[in-house]
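Structural features, examined
Chain by chain, the residues:
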Amino acid sequence: MKKILISLYLTEIKIAKCMSFFEKLYKNLLKQGIELHLLNLTQTRSQSECITWDFQNPPLQSRGKGLAEIEDFDRYFAVAEKRDTPREVRNPVEISSRLRENFQLFCAWIDHIQPGFVFLWHQFRGLHYLAAEMLSQKEIPFGFTHLGCLPETIVFETGGEMGESWVAREHQRFRSLPVNREDMQRAQRYIEFVVKNRLDRKPLTKEGQVDHLVKQLRGLGKKIIFYAGQFDRYAGLVPYDRNSRKFHSPYYTGTFDALLHLDQLAGQNNWTLLFKPHPNETQDIPGDLELRNTHFIPGANVFDCIYRSDAVVTILSSISYLSRLHGRPTIMLGRNQISGKGCVHEVTDRNNVEKVITTTLENGYSPGMEDAWQTHIAQLLKYYLYTYNKDVQSIGGRAEKELASYLSDIVFKGKNEKNNENTAV
């Protein structure tokens, strides 16, 4: 029987969100003669109808083959090591050793399961960076999967994630995909449902933590800009190289490079920044930042930050979608799937950031941008994303059955992902 393997991190949150979806997908794939295998990279245990493997306990005795299966391994390993190593890490040797061992385990699992196609959960982790190169050299087809850019969705793709996704790379083609009245109505119902229920991709913290600060700033006549950081190491920005500049962040090397620039601009324009780092970045903040116009709010509720600000700025965080859903003027310094769709404000050079922010604060969104936004949501639900929330599925869009057909087509029938729209319902 043909096999698809998904290598993923089954944390408790992702189990709660996605396991039912995977189980339904498993049943739909079986009807097409395909087995779905889940390789659990965490130590979390879960009862599931899917074929689930415990990563740390491979059935093979030999674990030493993997390092020899990549040509020029040391060069690739150096990149993977940087992605997995925090800035202030105390024991990089331990991280390096664990990464090598995990890669050997991964290779052992590939040899045992012998999948016809592999999906890697989160492209930019060190292990999956090495895995992608190994699979490529062994000519085993692979792609990537992750939670989608919209709340309560998941995505499967072969080209890459975020700025490397086909939606971002071929933004003009994606923007031209046809949608009808029913698609637009579905998009509107989805937007209303997400906004009403304040749905987010991550757990929410307690509200009200920034109320006093915002009141003080308003009393000083300050414009408030919410700056949302991303997890640089796992967002294609570490190491910052040609690929990072081309697909993810052409003008900034990462979260804190942009933060320093925004803080400077804030001082020149009577703005104040509310800076919320990515939850995984709060313990990895450089200690030498000199910020005069920035308030650090790592534990603040993201909706408080969005609603109490005048504009939202990010390089490539998915908060760009969340702030746009809730109608807040949004400015992209880098690129993700929202780029090039005409529905947010985007910078074209580091030197025009000040002008873009000023114009956004003055004008917000034009009617044309509002129309483009609803069209973009309609296209995402019709051509790109799959929904795992049963309430969202009742609104419409693609779910497990459609994904099973797509996977059968693209994995084992050789159809090109550029024709992905042909699988839409």
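Refer to the structure above for everything that follows.
Since this is a predicted model, take the numbers as computed values, not measurements. (Residues numbered from 1 in each chain as written. Predicted model: local features only at pLDDT ≥ 70, side-chain atom pairs only at ≥ 80, totals over all residues. Heavy atoms only, no water.)

**Some words on the overall build of the chain**
What counts, and what does not: Only runs of H or I of at least four residues qualify as helices and only runs of E of at least two qualify as strands under DSSP, and these elements are numbered from the N terminus. Within these notes, the globule rule equals 2.2 Å times the number of residues to the 0.38 power, and the radius of gyration is based on C-alpha atoms. Relative accessibility thresholds used throughout: buried, under 20% of the residue-type maximum; exposed, over 50%; partly exposed, between the two (1.4 Å probe, protein chains only). Contacts are assigned to residue pairs with any non-hydrogen atoms lying within 4.5 Å of each other. Surface accessibility follows the Shrake-Rupley procedure with a 1.4 Å probe radius. Residue values consider only the protein chains on display as shielding.
Helix and strand counts for the chain stand at 16 helices and 13 strands. Its C-alpha atoms give the chain a radius of gyration of 22 Å, near enough to 22 Å, the size a compact globule of 425 residues would have. Reported as C-alpha extents along the three principal axes, the dimensions of the chain are approximately 65 × 55 × 35 Å. Residues counted as buried form 56% of the 425 residues belonging to the chain. Within the chain, counting contacts between residues at least 6 apart in sequence, those at least 24 apart form 71% of the total. Surface accessibility of the chain: about 18400 Å² in total, with carbon and sulfur atoms responsible for 46%.

**A look at the pairing of strand E1 (residues 2-8)**
To be explicit about the condition: Note on pairing: two strands pair once DSSP finds at least 2 bridges between them.
Counting buried residues along E1, 5 of its 7 residues qualify, which places the element largely inside the surrounding structure. Strand direction decides the pairing type here: E1 and strand E2 (residues 34-40), joined by 7 bridges, are parallel. For Lys3, the partnering residue across the bridge sits in E2 and is Glu35. Here 4 bridges tie E1 to strand E4 (residues 117-121), and the two strands are oriented parallel to one another. What sits directly across from Ser7, in E4, is Leu120.

**Remarks on the pairing of E4**
Going by this rule: Crossovers are described as right-handed under a simple rule: with the strands pointing away from the observer, the path leading from the first strand over the helix to the second runs clockwise.
Counted residue by residue, E4 has 5 buried out of 5 residues, so it is predominantly covered. Because side chains alternate across E4, one face comprises the buried residues Phe117, Phe119 and Trp121, and the other comprises Val118 and Leu120, equally buried. Across 4 bridges, the pairing between E4 and strand E5 (residues 142-147) is parallel. If you follow Trp121 over to E5, its bridge partner there is Thr145. What joins E4 to E5 is helix H4 (residues 126-137), and the crossover it makes is right-handed.

**What to know about the sheet that holds strand E9 (residues 294-296)**
How we decide: Under this scheme, a helix contributes an axis fitted over its contacting stretch, all axes are lines through C-alpha atoms, and angles between N-to-C directions fall in the 0 to 180 degree range.
An order of E9-E8-E7-E10-E11-E12 is seen for the 6 strands of this open sheet, with the pairing classed as parallel. The strands lining the two open edges of the sheet, one partner per strand, are E9 and strand E12 (345-346). Relative to E9, strand E8 (residues 271-276) is paired through 3 bridges, and the arrangement is parallel. By the bridge assignment, Phe275 is partnered in E9 with Phe296. Sitting on the sheet, helix H10 (residues 255-269) is in contact with strand E7 (223-228), E8, E9 and strand E10 (311-314), with an inclination near 155° to E8. The strands touched by helix H13 (residues 353-363) are E7, E8, E10, strand E11 (330-332) and E12; relative to E8, the strand with the most contacts, the crossing angle is about 100°.

**Re helix H8 (residues 211-219)**
Owing to its 3.6 residues per turn, the α-helix aligns residues three or four sequence positions apart on the same side. Note the cut-off: Throughout, the arc means the angular range of directions from the helix axis out to the C-beta atoms.
What H8 keeps buried is the set Leu213, Val214 and Leu217. Down the axis of H8, the buried set is contained in an arc of 95°. They therefore lie on one face. Among the exposed residues of H8, those pointing more than 90 degrees away from its buried face are His212, Lys215 and Gly219. Gly221 sits one or two positions beyond H8 and adopts a positive phi of about 75°.

**A word on the nonpolar core**
Nonpolar side chains in soluble globular proteins tend to end up buried together. Rule in force here: Residues grouped as a nonpolar core are buried Ala, Val, Leu, Ile, Met, Phe, Trp, Tyr and Cys residues, joined through side-chain atoms within 4.5 Å.
Judged by nonpolar contacts, the single largest core of 57 residues is most densely connected at Phe22, Phe156 and Leu407. If you tally residues by element for this core, the top one is helix H3 (residues 92-113), at 8 residues. Setting aside chain neighbours within four positions, we find Phe22 in contact with Ile6, Leu8, Leu36, Leu38, Cys50, Trp121, Ile154 and Phe156. Formed by 31 residues, the second largest nonpolar core is a distinct cluster that contains Val167, Phe174, Leu177 and Tyr383.

**Focus: the packing of helix H2 (residues 73-84) against H3**
To keep things clear, this is the line we draw: Convention used here: angles under 35 degrees read as roughly parallel, angles over 145 as roughly antiparallel, angles from 65 to 115 as roughly perpendicular, and any remaining angle as oblique. For a crossing to be left-handed, the near helix must be turned anticlockwise from the far one by less than a right angle; the clockwise case is right-handed. Classification convention: Asp, Glu, Lys, Arg as charged; Ala, Val, Leu, Ile, Met, Phe, Trp, Tyr, Cys, Pro as nonpolar; all other residues, Gly among them, as polar.
For the pair H2 and H3, the least separation of the axes is 10 Å and the interaxial angle reads 120°. In this view, H2 runs oblique relative to H3, as classed from their interaxial angle. Note that H2 runs across H3; the crossing there is right-handed. Across the interface between the two elements, Phe73, Asp74, Phe77, Ala80, Glu81 and Asp84 of H2 pack against Ile95, Ser96, Leu99, Arg100 and Phe103 of H3. Partitioned by chemical class, the residues of the contact of H2 with H3 number 6 nonpolar, 1 polar and 4 charged.

**As for the side chain of Asn102**
You can see Asn102 is positioned in helix H3. With residues up to four places along the chain from it excluded, the contact list for Asn102 reads Phe55, Gln56 and Leu127.

**Let's talk about the environment of Glu281**
The cut-off we apply is this: As used in this structure description, the phrase polar contact means that two N or O atoms lie within 3.5 Å; if the pair is within protein, one of them must be able to donate a hydrogen and the other to accept it, and residues adjacent in sequence are counted only when both atoms belong to side chains.
Counting through the fold element by element, Glu281 comes out in the loop between E8 and E9. A relative accessible area of 1% places Glu281 in the buried class. Apart from the residues within four sequence positions on either side, Glu281 is in contact with Arg87, Gln230, Phe231, Asp232, Thr255 and Phe256. Polar side-chain contacts of Glu281 include one of 3.4 Å to the backbone nitrogen of Asp232.

**Thoughts on the packing of aromatic side chains**
Under the convention used in this document: Two rings belonging to Phe, Tyr or Trp (six-membered ring only in the last case) form a pair when the distance between their centres is within 6.5 Å. Interplanar angles under 30 degrees mark stacking, angles over 60 mark edge-to-face geometry, and anything in between is tilted.
With the rule as written, the count across this model stands at 16 aromatic pairs. Considering the side-chain rings of Phe119 and Phe156, the 5.1 Å spacing of their centres and the 85° angle between planes classify their relative orientation as edge-to-face. Residue Phe119 is found in strand E4, and its partner Phe156 is found in strand E6 (residues 153-157); the two are separated by 37 residues along the sequence. Take Phe119 and Phe156: they sit in the same class, and that class is buried. Seen in terms of ring centroids, Trp166 and Tyr384 are 6.4 Å apart; in terms of plane orientation they differ by 75°. Their pairing is edge-to-face. Of this pair, Trp166 sits in helix H5 (residues 166-169) while Tyr384 is found in the loop between helix H14 (367-383) and strand E13 (386-387), placing the two residues 218 residues apart along the sequence. Given the relative accessible area of 3%, Trp166 is considered buried. An aromatic cluster of three or more residues is present, and its members are Tyr227, Phe256, Phe275 and Phe296.

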